[in-house]
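# Breakdown of the fold
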Amino acid sequence: MAVQPTDSNELAKFGYKQELDRSLGSFSSFAAGFSYISILTGVFQLFAFGFAFGGPAVWWTWPIVFVGQMSVALCFAELAGQYPLAGSVYQWSKRIGSDFTSWMAGWIMVVGSIVTVAAVAVAWQVILPQVSTSFQILGDKVDAGTYLTKGGAQNAILLGAILVVFTTVVNMIGVKLMARINNAGVILELIGATLLIVLLAVHFSRGPGIVFDTLGLGEGHQWGYFGAFIIGGIMSAYVMYGFDTAGTLAEETNDPRRNAPPAIIKALATASLIGGLMILFALMAVDDIHDKNIGLLGLPYIVKQALGNTVGNIFLIDSAIAITVCCLAVHTSCIRMMFAMARDDRLPFGPQVARVSGRGKVPIVPAIVVGILAIGLLAINIGNQSAFLALTSVAIIMFYLAYLCVTGPLLLRRIRGTWPTPEHGTYFSLGRWGVLVNAFAVGYGAIVAFNIAWPRNDVYNAIGAHHWYFQWAAYLFIGGVMLIGAIYYFTVYSRKPIEVIAEHSAMIEDLPQPAIADVAP
């Protein structure tokens with residue numbers, strides 16, 4: 001598909017010249033968001049957690065989280081049509097909020113993304129050794145499928161490091177190769193997930209009324225079943241995020257103002273529909289709903305029990321492919337975020353970080369930095385599995401906080417009557433529903449972030465000896481990240497206005513370059 005000159009001109013209006021390879025179509029944009037969410041990654045990993053705490057009735061958290069995240073996605077879709085720029089959350093926050101808000105949004109997203117790359121890479125250890133113990137290179141066969149034992153942790157870092165090296169190399173080569181691999185992986189995931197749903201439907205053991213069964217898990221909770229429900233609901237919150245990636249690749253997407261908004265919405269809607277049916281049908285297909293292994297081994301156990309080892313292994317392989325493209329999408333998104341911030345001279349060594357390779361038209365330094373730091377985080381799991389679990393658990397909170405750095409300022413703009421702007425045009429708009437949807441998005445995001453961060457031993461201190469600092473990991477780690485970010489901002493950037501580094505500037509005098517002050521409330 002040929003590059004449209006108008007896309008480069010649109011980019012120049014924001015002060016940036018076209019440097020990245022604008023070669024992605026509408027499906028590639030959708031695939032980037034869908035693979036980040038990755039149903040076959042998240043549901044296969046987290047089904048056991050949700051079921052163990054909430055039982056079959058935990059299914060209701062799925063539509064609840066979908067409605068909440070869709071309100072966020074609708075706000076993002078509106079912004080993607082107005083600001084088709086690499087860095088999505090950082091750029092959107094910059095245009096509608098303050099310099100400090102955008103810095104914190106970008107900083108939090110970068111740290112959270114690096115942690116997420118490591119967390120997703122570990123998932124290979126959960127899946128591949130269950131397909132064949134040949135993948136259990138380190139440790140013993142009893143360590144297959146877990147990274148919580150010493151041997152499992154050692155093998156997890158080996159497999160995880162291999163995956164991270166792969167995503168690093170692909171991202172260094174170029175977005176075209178990344179898109180081809182990602183598109184192929186998404187197609188296989190869509191086909192595999194659809195077939196899995198159909199096959200599970202053939203093996204139903206009970207009706208859909210099972211989703212009203214709590215298995216008596218509310219006993220012992222101070223808030224009864226609601227207490228168990230909101231813990232199990234973390235499963236759904238962990239899966240449905242990352243849809244903003246479709247907007248992150250805007251500068252590499254043709255006609256992004258038209259393609260990015262529906263891609264964001266479709267990625268979340270498709271993933272949510274497939275995931276909801278998969279969880280429901282798995283609950284309806286399992287032989288014994290009281291089987292303790294469901295809460296221990298999760299969806300892979302149900303799939304193999306219902307479909308047999310051979311067919312089950314085929315779907316586990318499909319899940320491994322989904323994990324691969326999910327890790328690739330997270331890595332890619334983090335690179336674009338670092339590039340966008342560095343291009344504005346909002347990261348240390350900005351010119352070096354933002355430099356784009358001549359042949360592949362990709363930022364090389366961020367790809368390498370993300371890869372090295374992710375592998376370093378994997379190494380933590382060898383010495384302290386509790387620390388790794390706590391760290392990866394709080395990463396999702398960072399995304400919710402970064403999203404609030406966008407939906408919060410946007411709501412203030414709506415209330416003040418300065419959004420949408422007179423120049424909004426015919427692009428996606430929430431119209432008269434804007435304030436209601438936006439307010440719901442802010443309230444939902446704040447409640448879910450608070451729920452996940454609540455210092456529960458079951459979440460942050462589930463294995464090994466109990467330590468207060470693991471229990472309070474969300475507040476300690478995220479508080480530390482935000483404190484470091486704030487200190488650095490006020491020390492280095494507070495009196496330094498955002499200015500595009502010269503080599504990345506559009507340098508087109510006859511095209512206006514909107515300043516932050518022109519669009520700030």
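Reading the values: rules and limits
Residues numbered from 1 in each chain as written. Predicted model: local features only at pLDDT ≥ 70, side-chain atom pairs only at ≥ 80, totals over all residues. Heavy atoms only, no water. Helix = DSSP H or I, 4+ residues; strand = E, 2+ residues; numbered from the N terminus. Rg over C-alpha atoms; globule rule 2.2 N^0.38 Å. Buried < 20%, exposed > 50% of the residue type's maximum accessible area, 1.4 Å probe, protein only. Contact = heavy atoms within 4.5 Å. 1 Å grid on protein atoms, 1.4 Å probe; cavity = no way out; pocket = protein on both sides within 12 Å on 5 of 7 lines; lining within 4 Å. Points joined across faces, edges and corners; volume = space filled by probe spheres on them. Nonpolar A, V, L, I, M, F, W, Y, C, P; charged D, E, K, R; others polar. Axes fitted to C-alpha atoms, helices over the stretch in contact; angles between N-to-C directions. Parallel < 35°, antiparallel > 145°, perpendicular 65-115°, else oblique. Left-handed = near helix turned anticlockwise from the far one by under 90°. Patch = residues over 30% accessible without salt bridge, like charges linked within 9 Å, V, L, I, M, F, W, Y side chains within 5 Å. Areas by Shrake-Rupley, 256 points an atom, 1.4 Å probe, with all protein chains shown as cover. Salt bridge = Lys/Arg side-chain N within 4 Å of Asp/Glu carboxyl O. Core = buried A, V, L, I, M, F, W, Y, C linked by side-chain atoms within 4.5 Å. pLDDT = per-residue confidence, 0-100. Phe/Tyr/Trp six-rings, centres within 6.5 Å; stacked < 30°, edge-to-face > 60°. Expected span 1.5 Å × (residues − 1).

## Some words on the overall build of the protein
In terms of regular secondary structure, the protein is built from 23 helices and zero strands. Against the compact-globule benchmark of 24 Å for 521 residues, the protein has a radius of gyration of 22 Å, which places it among compact chains. Once the C-alpha set of the protein is aligned to its principal axes, its extents read approximately 70 × 45 × 45 Å. Buried positions account for 60% of the 521 residues belonging to the protein. Taking all contacts inside the protein whose residues are at least 6 apart in sequence as the whole, residues at least 24 apart take part in 82%.

## With respect to empty space enclosed by the protein
Which parts of space are left empty comes out when a probe the size of a water molecule is rolled across the atoms. Taken as a whole, this structure holds one cavity of 30 Å³ or more when the rule is applied. Gln69, Val72, Tyr400, Tyr403, Leu404, Thr407, Ala441, Tyr444 and Gly445 together form the lining of the largest cavity. For the lining of the largest cavity, the secondary structure elements donating two or more residues are helix 4 (61-82), helix 18 (385-416) and helix 19 (434-453). Counting residues per element, the lining of the largest cavity draws most heavily on helix 18, at four residues. Considering only residue class, the lining of the largest cavity consists of six nonpolar, three polar and no charged.

## What about the packing of helix 6 (residues 99-131) against helix 15 (residues 309-343)?
At a minimum axis separation of 9 Å, helix 6 and helix 15 run at an interaxial angle of 160°. When the axes of helix 6 and helix 15 are compared, the pair comes out roughly antiparallel. Viewed along their axes, helix 6 and helix 15 form a crossing whose handedness is left-handed. Taken together, the residues of the contact of helix 6 with helix 15 break down into 24 nonpolar, eight polar and no charged.

## Regarding the layout of surface pockets
Put simply, the second largest pocket is a space of about 680 Å³. A total of seven residues in the lining of the second largest pocket trace back to one element, the largest contributor, which is helix 19.

## Notes on a nonpolar patch on the surface
A contiguous nonpolar surface patch, about 790 Å² in accessible area, is contributed by Phe450, Trp454, Trp468, Tyr469, Trp472, Tyr475 and Leu476. Checked against the element boundaries, tryptophan 454 lands in the loop between helix 19 and helix 20 (457-460). Look at tryptophan 454 and you get partly exposed, because its relative accessible area is 43%.

## Here's the deal with the nonpolar core
Core analysis: the biggest nonpolar cluster contains 160 residues, and Met278, Ile397 and Ile452 have the highest contact counts within it. Discounting chain neighbours no more than four positions away, the residues touching isoleucine 397 are Ala449, Ile452, Ala453, Tyr460, Ala474 and Ile478. Core analysis: the next-biggest nonpolar cluster, separate from the first, contains eight residues, Val170, Val175, Leu249 and Leu328 among them.

## Topic: unusual backbone geometry
Here tryptophan 419 and proline 420 are connected by a cis peptide whose omega angle stands at 0°. Of note, proline 420 is situated in the loop between helix 18 and helix 19. Despite not being glycine, leucine 215 has its phi angle at roughly 60°, a positive value. Along the chain, leucine 215 turns up in the loop between helix 8 (175-202) and helix 9 (225-232). In this structure, aspartate 345 is a non-glycine residue whose phi angle is positive, near 60°. Mapped onto the elements of the fold, aspartate 345 is located in the loop between helix 15 and helix 16 (350-354).

## Remarks on the confidence of the model for the protein
Mean pLDDT over the protein works out to 89, with 93% of the residues at or above the 70 mark. Per-element confidence in the protein ranges from a low mean pLDDT of 41 for helix 23 (residues 516-519) to a high of 97 for helix 4. Counting contacts from residues 1-5, a segment whose pLDDT is below 50, to residues more than four positions away or on other chains yields five contacts. Scored below 50 in pLDDT, residues 509-521 makes 24 contacts in the model with residues more than four places away or belonging to other chains.

## What about the pattern of salt bridges?
Close approach of charged atoms allows side chains of opposite charge to pair. Summed over all chains, the structure comprises eight salt bridges. In this structure, aspartate 344 engages lysine 94 in a salt bridge whose closest nitrogen and oxygen atoms are separated by 2.6 Å. Separated by 250 residues along the polypeptide, aspartate 344 in the loop between helix 15 and helix 16 and lysine 94 in helix 5 (residues 89-96) bring together distant segments of the chain. Both residues of the pair, aspartate 344 and lysine 94, count as buried. One salt bridge connects arginine 343 with glutamate 251, and the closest N-O pair in it is separated by 2.9 Å. With a gap of 92 residues between them, arginine 343 in helix 15 and glutamate 251 in the loop between helix 11 (245-248) and helix 12 (256-285) connect regions that are remote in the sequence. The residues arginine 343 and glutamate 251 share a single accessibility class, namely buried.

## Observations regarding the environment of glycine 218
Among the structural elements, glycine 218 can be located in the loop between helix 8 and helix 9. We classify glycine 218 as buried; its relative accessible area is 13%. Residues glycine 218 and lysine 13, spaced 205 residues apart in sequence, show a C-alpha to C-alpha distance of 56 Å. When neighbours within four sequence positions are excluded, glycine 218 is seen to be in contact with Gly224 and Tyr225.

## With respect to the packing of aromatic side chains
Within this structure, the stated rule accounts for 28 aromatic pairs. Taken together, a centroid distance of 5.8 Å and an interplanar angle of 45° make the contact between phenylalanine 27 and phenylalanine 30 tilted. In this pair, phenylalanine 27 and phenylalanine 30 are both assigned in helix 2 (residues 26-37), three residues apart and thus about one turn of the helix distant. For phenylalanine 27, a relative accessible area of 34% gives the class partly exposed. A relative accessible area of 11% places phenylalanine 30 in the buried class.

## Notes on the packing of helix 14 (residues 299-307) against helix 15
Viewed as axis vectors pointing N to C, helix 14 and helix 15 meet at an angle of 145°, and their least axial separation amounts to 7 Å. Our pair here, helix 14 against helix 15, has a crossing hand that is right-handed. Taking contact as the criterion, the partners of Pro300, Val303, Lys304 and Leu307 in helix 14 are, on helix 15, Asn309, Val311, Gly312, Asn313, Phe315 and Leu316. Each residue belonging to the contact of helix 14 with helix 15 can be placed in one class, and the counts come to six nonpolar, three polar and one charged.

## Digging into helix 15
Its 35 residues give helix 15 an end-to-end C-alpha distance of 50 Å, which sits within 8% of 51 Å, the value for a rise of 1.5 Å per residue. Summarising burial for helix 15: 29 of the 35 residues are buried, a large majority. Count one or two residues on from helix 15 and you reach aspartate 345, which has phi positive near 60°.

## Some thoughts on helix 6
Taking 1.5 Å per residue, 33 residues should reach 48 Å; helix 6 reaches 49 Å between its end C-alpha atoms and fits that length. Counting buried positions over the 33 residues of helix 6 gives 29, a clear majority of the element.

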